[in-house]
Amino acid sequence: MKEGIELAEIPREKKISKKDFLERYVKPQKPVVIEQLIEDWPAYHKWNLEYIKEVAGEKTVPLFDGKKTISSEYKFNEPHLHMKMSEYIDLIKKGPTSYRIFLYHLMREVPALQKDFYFPKIGLRILKQIPMLFFGGENSKVFMHYDIDLANILHFHFHGRKRCILFPPSETKYLYKVPHALITREDIDFMNPDFEKFPALKQAKGMVTQLGHGETLYMPEGYWHQMTYLSPGFSMSLRAVPRHLPNLGKALYNIIFMRHFDNAMRSWKGQKWIDYKNEQAVKRTNKRVETS
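How each quantity is defined
- Residues numbered from 1 in each chain as written.
- Predicted model: local features only at pLDDT ≥ 70, side-chain atom pairs only at ≥ 80, totals over all residues.
- Heavy atoms only, no water.
- Phe/Tyr/Trp six-rings, centres within 6.5 Å; stacked < 30°, edge-to-face > 60°.
- Helix = DSSP H or I, 4+ residues; strand = E, 2+ residues; numbered from the N terminus.
- Buried < 20%, exposed > 50% of the residue type's maximum accessible area, 1.4 Å probe, protein only.
- Lys NZ or Arg CZ within 6 Å of the ring centre and 35° of its normal.
- Contact = heavy atoms within 4.5 Å.
- Polar contact = N/O pair within 3.5 Å; in protein donor to acceptor, adjacent residues only side chain to side chain.
- Arc of directions from axis to C-beta.
- UniProt positions renumbered as here; feature names shortened; annotations may be inferred.
- Axes fitted to C-alpha atoms, helices over the stretch in contact; angles between N-to-C directions.
- Parallel < 35°, antiparallel > 145°, perpendicular 65-115°, else oblique.
- Left-handed = near helix turned anticlockwise from the far one by under 90°.
- Nonpolar A, V, L, I, M, F, W, Y, C, P; charged D, E, K, R; others polar.
- Pairing = 2+ DSSP bridges.

A. Quick peek at the packing of aromatic side chains. If you walk through the whole model with that rule in mind, you get 17 aromatic pairs. When the ring of F257 is compared with that of F261, the centres are 5.5 Å apart and the planes differ by 15°; the resulting orientation is stacked. With F257 and F261 both in helix α6 (residues 245-269), this residue pair falls 4 residues apart, about one helical turn. With a relative accessible area of 27%, F261 lands in the partly exposed category. Directly above the ring of F102 sits R100, whose terminal nitrogen or CZ lies 5.1 Å from the centroid. Of note, K269 hangs over the ring of W268, and the distance from its end group to the ring centre comes to 4.3 Å.

B. Region of interest: the environment of R161. Of note, R161 is situated in the loop between β9 (152-158) and β10 (162-167). For the pair R161 and F234, spaced 73 residues apart in sequence, the C-alpha separation works out to 9.0 Å. Among residues more than four places away in sequence, those in contact with R161 are Q210, L211, G212, T228, Y229, L230 and S231. One polar contact links R161 to Q210, side chain to side chain, over a distance of 3.2 Å.

C. Structural detail: helix α1 (residues 18-26). Those residues of α1 lying buried are F21, L22, Y25 and V26. Down the axis of α1, the buried set is contained in an arc of 110°. They therefore lie on one face. On its buried side, α1 packs onto β2 (12-13), β3 (32-34), β9 and β12 (216-219).

D. Representation of helix α4 (residues 85-94). Residues of α4 that are buried include every one of M85, S86, Y88, I89 and I92, and no others. Down the axis of α4, the sector holding all buried residues measures 160°, keeping them to one side. Check the buried side of α4 and you find it contacts α3 (49-56), β4 (60-65), β5 (81-84), β6 (99-104), α5 (106-109) and β7 (132-136).

E. Structural context of the UniProt feature "domain: JmjC" (unreviewed entry) in the protein. What UniProt calls "domain: JmjC" (unreviewed entry) maps, in this numbering, to residues 108-257. Between the end C-alpha atoms of residues 108-257 the distance is 28 Å, and the span holds 10% helix and 32% strand.

F. How the structure looks around unusual backbone geometry. One non-glycine residue with positive phi stands out, namely Q29, at about 55°. For Q29, the location among the structural elements is in the loop between α1 and β3. For Q29, a relative accessible area of 13% translates into the label buried.

G. Summary view of the packing of α3 against α4. For the pair α3 and α4, the least separation of the axes is 9 Å and the interaxial angle reads 160°. Classified by the interaxial angle, the pair formed by α3 and α4 is roughly antiparallel. α3 and α4 meet at a crossing whose hand is left-handed. Contacts between α3 and α4 involve L49, E50, I52, K53 and A56 from the first element and M85, S86, I89, D90, I92 and K93 from the second. Looking at the contact of α3 with α4, its residues break down into 6 nonpolar, 1 polar and 4 charged.

H. Region of the structure containing the sheet that holds β4. What the 9 strands build is an open sheet, ordered β2-β3-β12-β9-β14-β7-β6-β4-β5; its pairing is mixed. Looking at strand neighbours, the two that pair on one side only are β2 and β5, the edges of this open sheet. Of the strand pairs in this sheet, β4 and β6 are connected by 2 bridges, and their pairing is antiparallel. The residue of β6 that forms the bridge with D65 is Y99. Running over the sheet, α4 touches β4, β5, β6 and β7 and is turned about 95° from β5.

Right, dumping it as structure tokens:
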């Protein structure tokens, strides 16, 4: 049997009090799956792919192709394609596809959906902005990344199953992070890693879980995460600002400088910039591990 990356199961709580959630998970910055947090939401009972197709089928949605590697052709988080929501849902129900919807303000387009959820009173200072939704078909995958704002995230899954792999920020040195970006090398398969090409991954220690309908994943600030849809489905995230001052500073740097610098370099250098960053991800990671 081929050796893999060390991945422990993310802890689970059927239910949890605000006090216990803060003490056990938020303060020590540890992830957890809460199985019964949103059972009082109308969304828990109503939201599935057919319902979304019914209320939002005519909306045009942005699609990202998981098979396309990042290139200078596209800016930071620029979609690859647009399609009617009804057509997209039909597509993902037909069978495996690499197309997914990422960071989409569906509730802004369909305000009635905003009545289907509540902001959980669980101790996080959740931003009261309209939450974003994420959709994917079987086998569609979100590359390993951390969020630009280093937020504390509550990730609620609906319809089907999704595999989530997480790494704490402490493991960044082993993950082949791409410079001036929020991602690891895209050609890393975290379920079937190539240790000859990426030897530092042998030292990485992460966590994994599968989310089902109505389950909530808490991801602490700055955690790396990769999502794979094991069947067609969708999720919603709520965010809370970083509690730790250094992370707030990093978030401001990412938003104000890093993403604009990267877009400017893509425009100037083109694919050479992307290739340079990928080469540096390997060189810097291997050198750092060799000298540690």
